[in-house]
Protein chains: 4
Amino acid sequence: MLDLHLDLDRAAGRLGVQLAARLRDAIRSGRLVPAARLPSTRALAQDLGVSRGVVVTAYEQLAAEGFLVSRPGDGTRVARLPAVPAPAGRARPEARGTLDTLPE
Amino acid sequence: MLDLHLDLDRAAGRLGVQLAARLRDAIRSGRLVPAARLPSTRALAQDLGVSRGVVVTAYEQLAAEGFLVSRPGDGTRVARLPAVPAPAGRARPEARGTLDTLPE
Amino acid sequence: MLDLHLDLDRAAGRLGVQLAARLRDAIRSGRLVPAARLPSTRALAQDLGVSRGVVVTAYEQLAAEGFLVSRPGDGTRVARLPAVPAPAGRARPEARGTLDTLPE
Amino acid sequence: MLDLHLDLDRAAGRLGVQLAARLRDAIRSGRLVPAARLPSTRALAQDLGVSRGVVVTAYEQLAAEGFLVSRPGDGTRVARLPAVPAPAGRARPEARGTLDTLPE
DNA sequence: GTGGTCTAGACCACC
DNA sequence: GTGGTCTAGACCACT
């Protein structure tokens with residue numbers, strides 16, 4: 001029985017991304033071992049108190065990254081070779097700004 | 001002259017919240033000292049390349065939290081007693097969840 | 001006035017992916033020029049007869065690929081430098097199979 | 001002995017539709033000649049690593065289109081007159097859309 | 001039952 | 001008004 005501490009900060013939004021991050025960490029750290037079966041999207045959604053779409057999004061993202069493998073009708077499992085260093089990612093546009101303040 | 005690194009991630013949205021978080025951190029860490037005067041909302045907005053409403057929102061929130069004090073004619077300043085070691089009193093809705101998995 | 005021929009095959013599913021593909025082609029081919037403003041997600045959804053989520057998904061994907069830039073409150077536009085060769089992509093698991101048949 | 005390259009993309013789902021498409025192409029292109037006997041649903045399912053229902057669905061669809069003929073005790077064979085040059089008669093719901101954009 | 005997808009509606013933040 | 005996000009419900013395909 002693994003307690004994955006899947007707490008989500010609802011106020012922060014992007015629940016799917018948060019959940020994916022939690023699960024990714026669990027896999028990377030080994031708390032979630034290869035071939036382990038994950039809860040169904042419906043079950044986890046209910047457990048977390050979020051809509052199923054949130055869980056589907058998270059599983060989808062992790063599947064695209066190679067951490068999970070999900071097949072319709074069969075459930076979702078941790079991939080056998082969760083390798084993958086990290087999907088690089090394009091640099092996000094940022095609004096740079098500097099604040100010059102002199103203490104009174 | 002302090003460089004506060006107030007970079008905002010435009011793509012992430014919630015700019016007001018982001019900005020407030022950055023300023024809060026600056027105050028907590030001491031990079032922004034008590035009584036220090038903050039830039040006007042208009043100036044900071046222009047510096048960051050965001051609309052003034054974003055900055056107004058951030059200042060309002062930090063004022064409500066006790067970090068900032070704004071008085072007409074005196075602009076906005078860091079409060080002398082930034083109080084609130086950690087806003088733990090504020091309810092933070094969370095979705096808790098446990099994951100029971102047995103690797104088959 | 002550009003007719004982008006954004007026809008979608010509803011029976012094929014993955015409407016968001018289809019739409020993204022159509023728009024990507026339009027950008028790559030130059031039919032959609034840099035800085036051109038795209039219709040709002042709501043407007044295009046209604047025009048195509050799909051739910052807004054489908055359009056949001058497509059815009060989101062193209063934004064992640066660097067083809068589009070969307071900012072809340074402002075609309076969505078074609079990026080200035082739509083470069084990007086193609087996001088490689090991990091090899092998909094396949095079910096291989098051979099069929100040996102002798103014509104009677 | 002014909003290698004039909006019946007590779008299916010499991011991640012894409014709709015395996016039945018994919019398989020039917022592959023077989024239809026094989027018939028149209030002549031790689032699968034009239035009166036040729038197809039493998040049993042069980043055999044092909046095992047060969048492809050999918051459930052039998054997938055193959056049954058594919059055979060059924062092709063039979064309905066006139067490409068295959070299945071008779072009890074005689075298995076499934078390619079029809080002598082694969083007729084139907086193109087299933088244009090079947091309604092194919094499409095979402096048409098035009099995009100009018102002027103590059104500002 | 002399980003994942004995949006789409007819909008319709010809603011709320012928020014930003015401009 | 002616009003994009004971003006979440007919800008709730010539904011249908012389909014596969015096992």
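Relevant structure appears above.
The following paragraphs examine the structure supplied in this document. Here the structure is a predicted model, which means the values were calculated and not measured.

Turning to the pattern of salt bridges, a few remarks are in order. Residues and elements named next belong to chain A. As enumerated under the stated definition, the model contains five salt bridges over all chains in all. Close ionic contact of aspartate 74 with arginine 37 constitutes a salt bridge, the shortest N to O distance being 3.3 Å. Here aspartate 74 is found in the loop between strand S2 (68–70) and strand S3 (76–78), whereas its partner arginine 37 is found in the loop between helix H1 (15–28) and helix H2 (41–48), with 37 residues between them in sequence. Classification of arginine 37 by relative accessible area gives partly exposed; the value is 39%. Each of the salt bridges in this network shares a partner with another, and the network as a whole consists of Arg37, Arg71 and Asp74.

Residue and element names in this part refer to chain C. Of note in the backbone geometry, alanine 35 takes a positive phi value of approximately 75° without being a glycine. Here alanine 35 shows up in the loop between helix H1 (15–29) and helix H2 (41–48). According to the relative accessible area criterion, alanine 35 is partly exposed, its value standing at 22%.

Quick look at the protein's contact with DNA strand F now. Taken together, 30 residues lie near DNA strand F, and Arg14(A), Leu15(A), Arg52(C), Leu15(D) and Ser51(D) sit nearest. Atoms of DNA strand F within 4 Å of the protein belong to the sugar or the phosphate in 62% of instances, the rest to bases. Backbone polar atom of Leu15(A) to a phosphate oxygen of DNA strand F: 2.3 Å apart, as the coordinates give it. Within the contact set of DNA strand F, a phosphate oxygen lies 2.8 Å away from a backbone nitrogen or oxygen of Gly16(D).

Every one of the 30 residues lining DNA strand E counts as a neighbour, but Arg52(A), Leu15(B), Ser51(B), Arg14(C) and Leu15(C) are closest to it. Arg52(A) places a side-chain nitrogen or oxygen 2.4 Å from a base oxygen of DNA strand E. Here a phosphate oxygen of DNA strand E sits 2.3 Å away from a polar atom, N or O, in the main chain of Leu15(B). For the surface near DNA strand E, the secondary structure elements donating two or more residues are H2 and helix H3 (52–64) of chain A, helix H1 (15–29) of chain B together with helix H3 (52–64) of chain C. Here the surface near DNA strand E takes three residues from H3(A), the largest share from any one element. Of the residues that constitute the surface near DNA strand E, the class distribution is nine nonpolar, eleven polar and ten charged.

Turning our attention to H1(C). Residues and elements named next belong to chain C. Given a rise of 1.5 Å per residue, 15 residues ought to cover 21 Å, and the 21 Å separating the end C-alpha atoms of H1 matches this to within 8%. Of all the residues in H1, the buried ones are Leu15, Gly16, Gln18, Leu19, Ala20, Leu23, Arg24, Ala26 and Ile27. The inward-facing, buried residues of H1 contact strand S1 (8–9), H2, H3, strand S2 (68–70) and strand S3 (76–78). Glycine 30 sits one or two positions beyond H1 and adopts a positive phi of about 90°.

Quick notes on the rules
Residues numbered from 1 in each chain as written. Chains lettered and ligands numbered in written order. Predicted model: local features only at pLDDT ≥ 70, side-chain atom pairs only at ≥ 80, totals over all residues. Heavy atoms only, no water. Salt bridge = Lys/Arg side-chain N within 4 Å of Asp/Glu carboxyl O. Helix = DSSP H or I, 4+ residues; strand = E, 2+ residues; numbered from the N terminus. Buried < 20%, exposed > 50% of the residue type's maximum accessible area, 1.4 Å probe, protein only. Near = heavy atom within 4 Å. Polar contact = N/O pair within 3.5 Å; in protein donor to acceptor, adjacent residues only side chain to side chain. Nonpolar A, V, L, I, M, F, W, Y, C, P; charged D, E, K, R; others polar. Expected span 1.5 Å × (residues − 1). Contact = heavy atoms within 4.5 Å.

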